[in-house]
Amino acid sequence: MRTAAERTGSSDPASDERQPAPKGARARPRLAALAAGALPVLAFPRTGLDWFAWVALVPGLLLVRSAATGREAAVRGWWFGAGFLAAALYWLIPNIGPALVAAGAGVMWTGWGFAAWALLRPGRLLAALVVVPSVWVAGEWARSWHALGGPWALYGATQWRHPVVLSLASLGGVWLVTFALVAVNTAVAMVLVTRSASAAVLATLIALSGPALYTPSSEAAGRPMRIALVQPGVVDGPDRRFADGERITSALPAADLVVWGESSVGFDLDRRPDLVARLTALARAHGPLLVNEDARDASGRIAKSAVFIGPDGVQGRYVKNRLVPFGEYIPLRRELGWVARISEAAKEDRLPGTGLVLMRAGGGPDAVTFAPLVCFESAFPDLSRAVVRRGARLIVYESATSTFQDSWAPAQHASLGAVRAAETGRPVVQAALTGVSAAFDAKGRRLAWSDTSRRGSVLVEVVPAGSRTPYDRFGDYAAWLAVGVVLVSGAFAVRTRRGR
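Note that this is a predicted model, so its numbers are computed, not measured.

Enquirer: I'd love a proper account of the packing of helix α8 (residues 125-143) against helix α10 (residues 197-207), names of residues and values included.
Expert: Viewed as axis vectors pointing N to C, α8 and α10 meet at an angle of 35°, and their least axial separation amounts to 10 Å. In the packing of α8 onto α10, the handedness of the crossing is right-handed. Touching L125, L126 and L129 of α8 are S198, A199 and L202, all from α10.

Take a look at the structure:
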């Protein structure tokens, strides 16, 4: 007896009613999908294989496309996502423990798996190039919500060394860069599946869209600034850490701004006027300081604060808003607090800040408005966009990744500065306590890079910028459009299936 698909002549994969494969046969391609999910991580720092991002998804796409049913394709997509996140965040395993697995974060890729299975077919090229990347972007945007962990390992960030590609970020944020990368991967997979010349042409055009938009110049908003980034390295004990920062700063020439890394001051400055006096003396001799306080205050709470020291003492303070899940606090601690007993998750929650702060370096007409942000906050596109819309001409990050010093994390973290610079059209500097300290101009071009093996300081000259990018003005519209595509295509798929 013929199947329904044979009677109607339909080749639509949604009408495929083959019986599920035996468990053993299902396990092998799922494990292959898990391994394929780890491949794209090679495009992130430190491997330097950023070019690989343009084709790294192809094995996963072919694996989900070959599934017997849409449900199996979705499951393979889940395994692919689990492999991707496990490889991208392997250095967090000691802090998160089994919570990463318990969260089932790979579920964000189930829709991507189903979309690729349904659309990587002859005659569906345009639909595939719109829907498959949109599903990826929508999932990436969803998992970027702070409560779900935050936006680490966004696929567009692989292009941090290529300002011409990052010009897409100035138009639609990192989401548009991700869309272009996934679209090219989808087109390449379509070429392999259907031998379509049109797919090859479209892949080339999409890959060239960034260079077509790129302009090498940006609008200056003030004189060039000399900024010193202080990097003492891995130092045990707050006294020695403070002393090393003080020693390195004392050897610097005069600068417009001196930036210390996250947790560079392990004392409550409100109760240590002697340390404030020493920092103020440094500010008078070498330029205003931005240090970072990580200590228990008089009430017994701990917060991470960027403290701005001028020639007259403390002039401003910003408390870190976005804390690292499990590293600096445990979400739903009452229910998930047990994670701290079996891992290195936070034993107590840090106190988050309540808003963004702008500061001014220098005085008179040459003063430059900058925004201090702390460590993990460089991963969030909305924070950098928000400070620019408030008037920041420069973005300054204070960081510390000593817990993950020998992993890929420090380089991945520093690379995010290039993406934020390209998105906002603002120069970005990052002072990391133990490296990597880095600086990028308003186009995302690298100006300085002090790796984890270095100790001392980095002097860099940046030009503050004032014009707004389309991303500054319109925000995450690319992500919203992706969500709209997902909803419309999902509704169409449901309606088609019910019609049959």
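Enquirer: Give a description of the environment of V184 that names residues and reports values.
Expert: Counting through the fold element by element, V184 comes out in helix α9 (residues 163-194). Overall, V184 belongs to the buried group, its relative accessible area being 6%. A sequence separation of 297 residues divides V184 from L481, and the C-alpha atoms of the two residues are 18 Å apart. In this view, V184 contacts W54, A203, I206 and A207; residues no more than four positions away in its chain are not counted.

Enquirer: Describe in detail the sheet that holds strand β12 (residues 456-462), supporting the description with residues and values.
Expert: An order of β5-β4-β3-β2-β1-β12 is seen for the six strands of this open sheet, with the pairing classed as mixed. Edge positions in the open sheet fall to β5 (313-319) and β12, since each of these has one partner strand only. Averaged over neighbouring strand pairs, the angle between their axes works out to 30° when direction is ignored. With eight bridges joining them, strand β3 (residues 289-296) and strand β4 (residues 302-310) adopt antiparallel strand pairing.

Enquirer: Before we move on, can you summarise α9 with the specific residues and values?
Expert: A rise of 1.5 Å per residue sets the reference length of α9, with its 32 residues, at 46 Å; its end C-alpha atoms lie only 33 Å apart and thus fall more than 12% short of the reference. The principal kink in α9, of about 130°, is found at G172. Backbone geometry just after α9 places R195 at a positive phi near 60°.

Enquirer: Now, about the environment of V58: what can you tell me, with residues and values included?
Expert: On the secondary structure map, V58 appears in helix α3 (residues 58-65). Considering only alpha carbons, one finds V58 and V188, 130 residues apart in sequence, at a separation of 7.1 Å. Leave out the neighbours within four places in its chain, and V58 touches N185, V188, A189 and L192.

Enquirer: Could you give me a rundown of unusual backbone geometry, with the residues and numbers involved?
Expert: In this chain, P45 is followed by R46 through a cis amide linkage whose omega measures 15°. Tracing the sequence through the fold places R46 in the loop between α2 (23-38) and α3. At the junction of G435 and V436, the peptide bond is cis and its omega measures out at 5° in the coordinates. Within the secondary structure, V436 sits in the loop between β9 (428-432) and β10 (437-440). Phi at A153 is positive, roughly 60°, even though this residue is not glycine. Here A153 shows up in the loop between α8 and α9. What makes A153 buried here is its relative accessible area of 7%.

Enquirer: With reference to specific residues and values, describe the nonpolar core.
Expert: By size, the foremost hydrophobic cluster in this structure holds 114 residues, and its most contacted members are W112, Y155, I227, L290 and F370. Counting residues per element, this core draws most heavily on α9, at 15 residues. In this structure L290 touches L257, V258, V259, W260, A306, V307, F308, M359, F370, P372, V396 and E398, once residues within four positions along its chain are discounted.

Enquirer: Which residues make up the packing of helix α16 (residues 381-389) against helix α17 (residues 409-424), and what are the values?
Expert: Packing of α16 against α17 leaves a shortest axis separation of 10 Å and a crossing angle of 45°. When the interaxial angle is binned, α16 and α17 end up oblique. As α16 runs across α17, the sense of the crossing is right-handed. Of the residues in α17, those in contact with P381, S384, R385 and V388 of α16 are R420, E423 and T424. A per-class count over the contact of α16 with α17 returns two nonpolar, two polar and three charged.

Enquirer: Hey, could you go over the pattern of salt bridges for me, with residue numbers and the actual values?
Expert: Scanning the model with the defined rule gives 24 salt bridges in all. Measuring nitrogen to oxygen at the nearest pair gives 3.1 Å for the salt bridge that ties K304 to E262. Here the residue K304 occupies a position in strand β4, and E262 occupies one in the loop between β2 (257-259) and α13 (273-286), the gap between them amounting to 42 residues. Take K304 and E262: they sit in the same class, and that class is buried. Residue R420 pairs with E423 through a salt bridge whose shortest N-O separation is 2.8 Å.

Quick notes on the rules
Residues numbered from 1 in each chain as written. Predicted model: local features only at pLDDT ≥ 70, side-chain atom pairs only at ≥ 80, totals over all residues. Heavy atoms only, no water. Axes fitted to C-alpha atoms, helices over the stretch in contact; angles between N-to-C directions. Helix = DSSP H or I, 4+ residues; strand = E, 2+ residues; numbered from the N terminus. Left-handed = near helix turned anticlockwise from the far one by under 90°. Contact = heavy atoms within 4.5 Å. Buried < 20%, exposed > 50% of the residue type's maximum accessible area, 1.4 Å probe, protein only. Pairing = 2+ DSSP bridges. Expected span 1.5 Å × (residues − 1). Bend = angle between axes of the 7 residues up to and from the residue. Core = buried A, V, L, I, M, F, W, Y, C linked by side-chain atoms within 4.5 Å. Parallel < 35°, antiparallel > 145°, perpendicular 65-115°, else oblique. Nonpolar A, V, L, I, M, F, W, Y, C, P; charged D, E, K, R; others polar. Salt bridge = Lys/Arg side-chain N within 4 Å of Asp/Glu carboxyl O.

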